[in-house]
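Chains, contacts and geometry: an overview
Here is how the chains run, residue by residue.
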Amino acid sequence: MTIRIACLQLDIAFGDPNENERCAESAIESAVKDGANIIVLPELWTTGYDLTRLDEIADEGAERAKAFASRLAQAHNIHLVAGSVAKKTTTGVTNTMIVADRSGQIVGEYSKLHLFQLMDEHLYLQPGSSLGLFSLDGLACAGVICYDIRFPEWIRAHALAGAEVLFVVAEWPLPRLHHWRTLLMARAIENQCYVVACNRAGRDPNNVFAGHSLVIDPWGEVIAEADEKPGILSADIDPALVADVRTRIPVFADRRPHDYETAKNFFKTY
Ligand SMILES: NC(=O)CCC(=O)C(=O)O
C-alpha cells in the first residue's frame, strides 16, 4: 500500500509566528486536497533563524506548535511531521521537532542534537538528548534536523532501531546544495530506508536557502525533487520496498560492529 507524502517547502517570514502559521495552515489544506497522508514542514518554520529575538518569539514548551499540529492532524485525518520550532524550556531554547498523528496525539518530539555553529545555533540553543523515533500507523519512522544529516552514526542508530522512513526537516542554504543532495542520497542508500527531506525556500537576512526538498527511495533513487522556489512536493512511497532492498543486499546482517571498535585505538598505540 502506498502512502502519499507532501513536503511543504515554505518561504518563512522572519520572526513572525502568526504569519507563518497562517501560511502553513493554507499549505496543509492544499496538500490535503491533493490526497496527502503525511505532511512535513521545514525546520524552525514558525520563527526562522531570528535567534536574537528568541526571548520574545520562542514557543513556551512548544505548546503552541503542539496545539497547531494536533488540531490540523485531527481535522484533516493526516499525520503531521510538523517541522521544528524554537521551544522555550527552563534550561534554554531547543530546536524541536513535533509530530502529531491522525488522531491528534503528539507521538514524536525530538530536539536537534548537533548544533550548527555556522548559523550561530551554539550561541542561542541547547542540544537535545533523545532519539527521534516515532511510529505512524505502524510505520517505523525517525526524524532528524538539518545539520544532523552530516552525522551518519546518528542516523544509523535510528536505522538500527528499525526506522524505515527518515524525515529530515531543514533550513539548508543554497551554497551547500551539493552537500544536501549527496548526504541525503548517501543516508538513504547506506540505511536502505526512505528519506523524506523538507527544506525551506526563500531568504533571510543572512542566507539564501536551497529548497530542493527531496523524496529518495531505499535504493537511493530520487523519486521527487523540488526546485528552489516555494511549493509543495508530493510523492507516493511504498514501505514494502524497504524490506525488499534490505533482503537483496543484507547490509544490516553483514555488519561487524566488534571489528569497527578495534579501529578506535589504532593510532594511539604509536
Ligand atoms: N540549519 C542547519 O542545520 C544548516 C546545516 C547546514 O547548512 C550544513 O551545511 O550542514
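Residues numbered from 1 in each chain as written. Predicted model: local features only at pLDDT ≥ 70, side-chain atom pairs only at ≥ 80, totals over all residues. Heavy atoms only, no water.

For the protein chain, the name recorded in an unreviewed UniProt entry is Carbon-nitrogen family hydrolase, with Bacillus caldolyticus as its organism. Of the protein chain, the UniProt comment under Sequence similarities (unreviewed entry) reads exactly: "Belongs to the carbon-nitrogen hydrolase superfamily. NIT1/NIT2 family." (UniProt positions renumbered as here; feature names shortened; annotations may be inferred.)

**Section: unusual backbone geometry**
Look at A62: it is not a glycine, yet its phi comes out positive at around 55 degrees. The topology assignment puts A62 in the loop between β3 (59-60) and α3 (63-76). What makes A62 buried here is its relative accessible area of 0%. For N77, which is not glycine, the phi dihedral falls at a positive 55 degrees. Assignment of secondary structure puts N77 in the loop between α3 and β4 (79-89). On the basis of relative accessibility, which here comes to 47%, the residue N77 falls in the partly exposed class. (Helix = DSSP H or I, 4+ residues; strand = E, 2+ residues; numbered from the N terminus. Buried < 20%, exposed > 50% of the residue type's maximum accessible area, 1.4 Å probe, protein only.)

**A look at the pairing of strand β6 (residues 106-111)**
Examined bridge by bridge, strand β5 (residues 92-100) and β6 share five bridges and lie antiparallel to one another. Looking at β6, one finds that A100 is bridged to I106. Two successive antiparallel strands, β5 and β6, enclose a turn made up of five residues, where G104 displays a positive phi of approximately 95 degrees. (Pairing = 2+ DSSP bridges.)

**Re the side chain of T94**
Relative to the elements of secondary structure, T94 occurs in strand β5. Within the structure, T94 has its side chain in polar contact with the side chain of T96 (distance 2.7 Å). In this structure T94 touches V85, A86, K87, T89, S111, L125 and Q126, once residues within four positions along its chain are discounted. (Polar contact = N/O pair within 3.5 Å; in protein donor to acceptor, adjacent residues only side chain to side chain. Contact = heavy atoms within 4.5 Å.)

**Some words on the nonpolar core**
In this structure, F167, V168, W180, L184 and V195 are the most contacted members of the largest nonpolar core, which totals 50 residues. Among the elements that make up this core, the one with the highest residue count is strand β9 (residues 165-170) (six residues). Every residue in contact with W180, bar those within four places of it in the chain, is listed here: I149, V168, A170, W172, A197, N199, G211, H212 and L214. Among the nonpolar cores identified, the runner-up in size contains 24 residues, and L8, L10, A73 and A100 belong to it. (Core = buried A, V, L, I, M, F, W, Y, C linked by side-chain atoms within 4.5 Å.)

**Observations concerning the site of the ligand**
Around the ligand sit E43, Y49, K112, F116, M119, C146, Y147, R150, E171, W172, P173 and R176, and that is every residue in its neighbourhood. E43 has a polar side-chain atom sitting 3.1 Å from a nitrogen atom of the ligand. R150 is positioned with one of its side-chain polar atoms (N or O) 2.7 Å from an oxygen atom of the ligand. With the chains in place, 100% of the 290 Å² that the ligand exposes on its own is no longer accessible. (Near = heavy atom within 4 Å. Areas by Shrake-Rupley, 256 points an atom, 1.4 Å probe, with all protein chains shown as cover.)

**A word on the side chain of D217**
Examined against the element boundaries, D217 turns out to sit in the loop between β11 (214-216) and β12 (222-225). Looking at D217, its side chain comes within polar contact range of the main-chain nitrogen of W219, at 2.8 Å. In contact with D217, not counting residues within four places along its chain, are A188, C193, Y194, I223 and L241.

**Overview of the sheet that holds β11**
In any sheet, the strands associate via hydrogen bonds between backbone groups, in a parallel or an antiparallel arrangement. A sheet is described by the order of its strands in space; here six strands give the open sequence β7-β8-β9-β10-β11-β12, paired in mixed fashion. For this open sheet the edge positions go to β7 (133-136) and β12, each flanked by a neighbour on one side alone. Here the average twist between neighbouring strands, direction ignored, is 20 degrees. (Axes fitted to C-alpha atoms, helices over the stretch in contact; angles between N-to-C directions.)

**What about helix α6 (residues 177-191)?**
Compared with an ideal rise of 1.5 Å per residue, which puts 15 residues at 21 Å, α6 spans 21 Å between its outermost C-alpha atoms and is within 8% of the ideal. What α6 keeps buried is the set L177, W180, L183, L184, R187, A188 and N191. Axial view of α6: buried residues confined to an arc of 140 degrees, hence all on one face. For α6, the elements touching its buried residues are α5 (152-160), β9, β10 (194-199), β11 and α7 (240-248). Phi turns positive, to about 50 degrees, at Q192, one or two residues after α6. (Expected span 1.5 Å × (residues − 1). Arc of directions from axis to C-beta.)

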